[in-house]
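Spelled out from the first residue to the last, the chains are:
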Amino acid sequence: ASGAGFRYALGGHRESRIDVFVYPAGAEDRAQAMEQGMAEFKAGIHDAEKAGYYSDVRTVDDADFPLHASTSPVDKGGSATGDAEGERALRGLVESTKPVGRRLRMQLDMQPLGIPMHSYGYLFYKQLYFFKVRVSAARERIDEASFMALADDAVRTLVPAIEVANVGGCMDNTIEVPTEADP
């Protein structure tokens, strides 16, 4: 309710839709925020299924998802210079600055037509906000491996590009409502 949502489409990929939601999470321990956020995310999917938007929702996988793909020898645990101790320290520093979220891989049928869909949900906690991304596509139009590559790339492109401009102190304010006020 206090956030923003928007939808992206990709040229040449009419079968796919990418929905992004950015909403306040507050000042939380990262692990606690992610646990709470994923619980809410899964509850929302369950509620949508109960409401008849989806049917036959199956979770394929629920795992950590690094926002930045590992490409360097240091990221992959290899040795670029032979200085193993220095590279371990560098790897630790690099890893500590990379946001890690969660990816929820699902298969479901979109109602009312019962269209079988790939649907991945991603959740990140940064700048005191949740960044939630849902990528969905009809299974008849794109295979699983191509969909995963498309979805992961979209998330790794979009989420780092989104910056929250307002991290105000609204949680620090007290709003007093007179007890005799009209409900």
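Above this text sits the structure in question.
Bear in mind the structure is a predicted one, so any value in this text is a computation, not a measurement. (Residues numbered from 1 in each chain as written. Predicted model: local features only at pLDDT ≥ 70, side-chain atom pairs only at ≥ 80, totals over all residues. Heavy atoms only, no water.)

A. Structural view of the side chain of Ser 16. Mapped onto the fold, Ser 16 is located in strand β2 (residues 13-24). With relative accessibility at 7%, the residue Ser 16 sits in the buried group. The contacts of Ser 16, once residues within four sequence positions are left out, are Ser 136, Ala 137 and Leu 150. (Helix = DSSP H or I, 4+ residues; strand = E, 2+ residues; numbered from the N terminus. Buried < 20%, exposed > 50% of the residue type's maximum accessible area, 1.4 Å probe, protein only. Contact = heavy atoms within 4.5 Å.)

B. Structural detail: the pattern of salt bridges. Applying the stated criterion across every chain, the model contains nine salt bridges. Across the pair Asp 62 and Lys 42 runs a salt bridge, and its minimum N-O distance is 2.5 Å. Placement of Asp 62 in strand β3 (residues 54-66) and of Lys 42 in helix α1 (residues 30-50) is noted, with a sequence separation of 20 residues between them. Given the relative accessible area of 25%, Asp 62 is considered partly exposed. Residue Lys 42 is classed as partly exposed on the basis of its relative accessible area, which comes to 38%. Shared partners join several salt bridges into a network, and the residues in it are Lys 42, Asp 62, Asp 64 and Arg 102. (Salt bridge = Lys/Arg side-chain N within 4 Å of Asp/Glu carboxyl O.)

C. Focus on the nonpolar core. With 23 residues, the main nonpolar core has Tyr 122, Phe 124, Phe 131, Val 133, Val 135 and Val 155 as its most contacted residues. Breaking this core down by element, the ones donating at least two residues are β2, β5 (115-126), β6 (129-138) and α3 (144-161). Beyond its immediate chain neighbours, meaning those up to four positions away, Val 133 contacts Ile 18, Asp 19, Val 20, Phe 41, Tyr 120, Gly 121, Tyr 122, Val 155 and Val 159. Ranked by size, the runner-up nonpolar core spans 18 residues in total, among them Met 34, Phe 41, Leu 104 and Leu 123. (Core = buried A, V, L, I, M, F, W, Y, C linked by side-chain atoms within 4.5 Å.)

D. View of the environment of Glu 180. Within the element layout of this structure, Glu 180 appears in the segment after α3. Residue classification places Glu 180 among the exposed positions, given a relative accessible area of 66%. Side-chain polar atoms of Glu 180 contact the side chain of Thr 179, separated by 3.4 Å. (Polar contact = N/O pair within 3.5 Å; in protein donor to acceptor, adjacent residues only side chain to side chain.)

E. Spotlight on the environment of Val 100. Inspection of the secondary structure assignment puts Val 100 in strand β4 (residues 100-110). Classification of Val 100 as partly exposed rests on a relative accessible area of 26%. For Val 100 and Asp 64, which are 36 residues apart along the polypeptide, the C-alpha to C-alpha distance reads 6.6 Å. Other than its neighbours up to four places away in sequence, Val 100 contacts Arg 30, Asp 64, Phe 65, Pro 66 and Phe 124.

F. Local environment of the pairing of β6. For β6, a buried count of ten out of ten residues is recorded, marking the element as mostly surrounded by other parts of the structure. Here β5 runs beside β6; their pairing, made up of ten bridges, is antiparallel. Bridge pairing links Tyr 125 to Phe 130 in β6. Here β5 hands over to β6 after two residues, with Gln 127 in that stretch at a positive phi of 55 degrees. (Pairing = 2+ DSSP bridges.)

G. Broad picture of the packing of aromatic side chains. Taken as a whole, this structure holds seven aromatic pairs when the rule is applied. Linked through ring pairs, Phe 65, Tyr 120, Tyr 122, Phe 124 and Phe 147 together constitute an aromatic cluster. Across the ring face of Phe 131, the terminal group of Lys 126 is positioned such that the distance to the ring centre comes to 5.0 Å. One residue, Lys 132, lies across the ring of Phe 41, its end atom 5.0 Å from the ring centre. (Phe/Tyr/Trp six-rings, centres within 6.5 Å; stacked < 30°, edge-to-face > 60°. Lys NZ or Arg CZ within 6 Å of the ring centre and 35° of its normal.)

H. Just unusual backbone geometry, in detail. In this structure, the amide linkage connecting Gln 111 to the following residue, Pro 112, adopts the cis form with an omega of 15 degrees. Position of Pro 112 among the secondary structure elements: in the loop between β4 and β5. Positive phi, close to 55 degrees, is recorded for Gln 127, a residue that is not glycine. When you line up the elements, Gln 127 lands in the loop between β5 and β6. Relative accessible area serves as the criterion here: at 27%, Gln 127 is assigned to the partly exposed category. Its identity is not glycine, yet Leu 128 carries a phi of approximately 70 degrees, on the positive side. With respect to the secondary-structure elements, Leu 128 resides in the loop between β5 and β6.

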